[in-house]
Amino acid sequence: MSSLQQSSSAHLISDGNMYAPTLFGYQRRETIPVSIGDLMLGSDFPIRIQSMTTVDTMDTMGSIEQSIRMIDAGCELVRITAPSVKEAQNLENIRKGLRAKGYKTPLVADIHFTPNAAELAARIVEKVRINPGNYADKKRFETIEYSESSYQAELERIRDKFLPLVKICKEYGTAMRIGTNHGSLSDRILSRYGDTPLGMVESALEFLRICEDEKYFNIVLSMKASNTQVMVEAYRLLSKKLADGQFKAYPLHLGVTEAGEGEDGRIKSAVGIGTLLEDGLGDTVRVSLTEDPEFEIPVAKDLVNRYVGRNRPNAPIPSLSNLSAGFDSPINPFAHTRRKSAELMNFGGHQVPRVIADYSHLKSISMEDLKSIGHFYLPEPDKWAMNDLGADYLFTGTSDLDFMLPNGLKQIQSATTWLQSSPSEHQFPLFEVEDWLKASKKHAQLNFVQADAEEIWSNDLFVNALKLAQNEVLVLSSSFSNRMAAIRRAFFELEIQGIHIPVVIRLNYQDIHADQFQLFAPTDAGALFIDGFGDGLMLSLAGLPVQSSLENSTNFGILQACRVRISKTEYISCPSCGRTLFDLQETTARIRQVTDHLKGVKIGIMGCIVNGPGEMADADYGYVGIGKDKIALYRGQEVVKKSVPADSAVDELIQLIKEDGIWKDPQETNN
Ligand code: SF4
């Protein structure tokens, strides 16, 4: 047992870094209760699931019917956009229609720019969501130098605009979400704090202080971003700032904005939301997919249900007593920094995290089998081709191969098989801990050592040997049900022990279906990569016939969603709402079809001009609705083609990418 083990302290990190109740177990952050009509929110209650309608708010029947589909799927809070007073007023008809059909689910009015609409909606529905970036400010995209007094004057102006809403909410018992979006921070916040997690937090705190001064506390907070690193950091910083600043512990609403659709949208949502749920943060969740809102609900349920009943002591994972005594955390939870590791072959150092495909379950492996992991044998020219999702290593377990692997793919074998065969220099052994400790023969350049996380804090002999290891990559897994926390704890121990060898994160799943796999693996692995850990990823899911391609796309999808290895085009598409000016799902599918070979390019697809440009702050190109069937095309934040007819807008977008010299024909990228 190392001296760093076994502390009874409930708080495992120094006060300076406090943002979660524990880093090495699961414990939900304690919050005050918030009432939204009859629905209670906060740490004493289940994590609530919500979504947002996409039909026009003036379409009363359409809104009622879609709300019912969402509620029947399990939605506990229905958000509806109220861009102006007339939509805010129509919330009354929607609410009455739902109540008449026996649906009591609370409604939330989504407000941007229009205090009048908010003040009306707050008298009608159970909750209003305001965006502090645009409630009292029009975006002018200006950098203004503020003196202390001019900044204070701005805060006074905000107070005057915001106070009436606070008073109405207090009087009517209406709840409020102060919901910051990374993409729509005010010019004032940007000028002082920049486009940062701190700016996001301060944006909400400016409004929160006004609420607290009025003794209005029925508040939920959110810090959404499309960039998962920024999103996680902002929520963590908010949690810490609330505690440091003597604010009440308000419940948190979690979401990744513009996550996109399909597999990518699910993986990205799970990385952001799942990482925070693992930290014990989050009291309500909305998964934003560019799909009908009822499809968001099962995804949110799968993410959240993992934590039902998890509140038990984290006894099996020892804490770090040094940290509670003021020891600096070896990671910075508020700014992504990759763990420093030694470079070995193409692992560690500045190398991108590697993907290892696990074929150890196959008794024999054919060339055809490698298609699932992005490697294609072409008989005619007699050569191999690889797509952007080509795995780097293939773990074959105890099986042999009767063909040569392509250059871009190297083989890892179980050490027992490797020792008994005459391996080439491109075959590498995977040792179990005991076998590695006593091995008389090892590969001269690269050996993999498979260890359970627990070994890192309980096996001194192994840890001492790792300190001397030169040609080893550690493959870390965990048999704990709380596997992310166990592996995180092992990474902390490696840092503390000064062990800098590359580490592959290996996660095995069984008895879950494919949809759950694509949420649970991104949660577990994503939380570690967001923390800066991991030089490789190896996922496996036992028991499904198509597992290899699923595992492979999930491996690459997680690395992309965590922004640690970019292998495909990224789409930042809004989920659509009552403001949407074109068919978002169909357009997103069309754009994806013609651009999904443009590795690393980020394309924003936004339903409206009001929020679109801000929300896609991160994108290289933007496709934004500005009127009925009229599109504006953006290069970064700059409009370059105004008012393009929707019919030709996709072609114009391609033309724009071509003008920038970034375009490639699909076949050029298929090698
Ligand atoms: S960007 Fe999309 S989701 Fe956001 S307000 Fe506009 S249409 Fe609605």
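Per-chain numbering applies: the sequence of each chain, read as written, is numbered from 1 onward. Whole-chain, interface and lining totals are the exception, using all residues; otherwise, since this is a predicted model, local features are given only for residues with pLDDT of at least 70 and side-chain atom pairs are given and counted only at 80 or more. Note that the side-chain values use all heavy atoms of the structure and ignore hydrogens as well as water.

## A word on the overall build of the chain
Moving on, step 1. Secondary structure assignment for the chain yields 20 helices and 25 strands.
Moving on, step 2. Here the globule rule reads 2.2 Å times residues to the power 0.38, and the radius of gyration is calculated from C-alpha atoms. Computed over the C-alpha atoms, the radius of gyration of the chain is 26 Å, within 12% of the 26 Å expected from 2.2 N^0.38 for a compact globule of 671 residues.
Moving on, step 3. Its C-alpha atoms give the chain principal-axis dimensions of roughly 80 × 65 × 55 Å.
Moving on, step 4. Taken across its 671 residues, the chain has 61% of its residues classed as buried.
Moving on, step 5. Intrachain contacts of the chain at a sequence separation of at least 6 include 68% that bridge at least 24 residues.
Moving on, step 6. To be clear on the numbers: accessible area is Shrake-Rupley with a 1.4 Å probe, and residue cover counts the displayed protein chains and nothing else. Summed over all atoms, the accessible surface of the chain reaches about 25300 Å², with 49% contributed by carbon and sulfur. Under the scheme used here, helices are H or I runs from DSSP no shorter than 4 residues and strands are E runs no shorter than 2 residues, and both carry numbers assigned from the N terminus. Each residue's exposure class comes from its accessible area (1.4 Å probe, protein chains only) as a fraction of the maximum for that residue type: buried when under 20%, exposed when over 50%, partly exposed otherwise. Residue contacts are counted whenever heavy atoms from the two residues lie within 4.5 Å of one another.

## Some thoughts on helix H16 (residues 514-530)
Residues separated by three or four positions in an α-helix point in the same direction, a consequence of the helix having 3.6 residues per turn.
Moving on, step 1. Expected helix span is computed as 1.5 Å times (number of residues minus one). In this model, H16 (17 residues) spans 23 Å end to end at C-alpha, consistent with the 24 Å of a helix rising 1.5 Å per residue.
Moving on, step 2. To get the bend at any residue, fit one axis to the seven residues that end at it and another to the seven that begin at it, then take the angle between the two axes. Taking the largest bend as the criterion, H16 deviates by roughly 25 degrees, centred on Thr523.
Moving on, step 3. The buried count for H16 comes to 15 of 17 residues, which makes it a mostly enclosed element.
Moving on, step 4. Positive phi shows up at Gly532, right after H16, with a value of about 95 degrees.

## Some words on the UniProt feature "domain: IspG C-terminal" (unreviewed entry) in the chain
Moving on, step 1. UniProt positions are given in the numbering used here, feature names are shortened, and annotations may be inferred rather than shown by experiment. Per the UniProt annotation, the sites labelled "domain: IspG C-terminal" (unreviewed entry) are residues 570-658.
Moving on, step 2. Counted over residues 570-658, helix gives 33% and strand 34%. Its end C-alpha atoms are 17 Å apart.

## Quick word on the site of the ligand
Moving on, step 1. Close contacts around the ligand come from Cys574, Ser576, Cys577, Arg579, Thr580, Gly607, Cys608, Asn611 and Gly612, and that covers them all.
Moving on, step 2. A breakdown of the residues in the shell around the ligand according to their chemical character gives 3 nonpolar, 5 polar and 1 charged. Neighbouring residues are identified by heavy atoms, a residue being near a molecule or strand if any of them is within 4 Å of it. Any residue outside Ala, Val, Leu, Ile, Met, Phe, Trp, Tyr, Cys, Pro, Asp, Glu, Lys and Arg is labelled polar, Gly included; the first ten of those are nonpolar and the last four are charged.

## Structural notes on the sheet that holds strand S22 (residues 602-606)
Moving on, step 1. Here, strands pair whenever DSSP counts at least two bridges between them. Taking strand neighbours across the sheet as the criterion, the 5 strands line up as S21-S22-S23-S24-S25 in an open arrangement whose pairing is mixed. The open sheet has two edge strands, strand S21 (570-573) and strand S25 (638-645), and neither has a second partner. Taken pair by pair, the neighbouring strands of this sheet meet at an average axis angle of 20 degrees, ignoring direction.
Moving on, step 2. Strand direction decides the pairing type here: S22 and strand S23 (residues 621-627), joined by 4 bridges, are parallel. Across the sheet, the residue bridging to Gly604 is Gly622, located in S23. Here, axes are lines fitted to C-alpha atoms. For helices the fit covers the stretch in contact, and angles between N-to-C directions go from 0 to 180 degrees.

## Concerning the pattern of salt bridges
A side chain with one charge may pair with a side chain of the opposite charge, provided their charged atoms come close.
Moving on, step 1. Within this document, salt bridges are pairs made up of a side-chain nitrogen of Lys or Arg and a carboxyl oxygen of Asp or Glu, the two lying within 4 Å of each other. According to the stated counting rule, one finds 40 salt bridges in the structure shown.
Moving on, step 2. Glu206 is the salt-bridge partner of Arg188, the closest N and O atoms lying 2.8 Å from each other. Of this pair, Arg188 sits in helix H5 (residues 187-193) while Glu206 sits in helix H6 (residues 197-213), and the two are 18 residues apart along the sequence.
Moving on, step 3. What makes Arg188 buried here is its relative accessible area of 1%.
Moving on, step 4. Residue classification places Glu206 among the buried residues on the basis of a relative accessible area of 8%.
Moving on, step 5. Taken together, the salt bridges that share partners define one network made up of Glu154, Arg157, Arg188 and Glu206.

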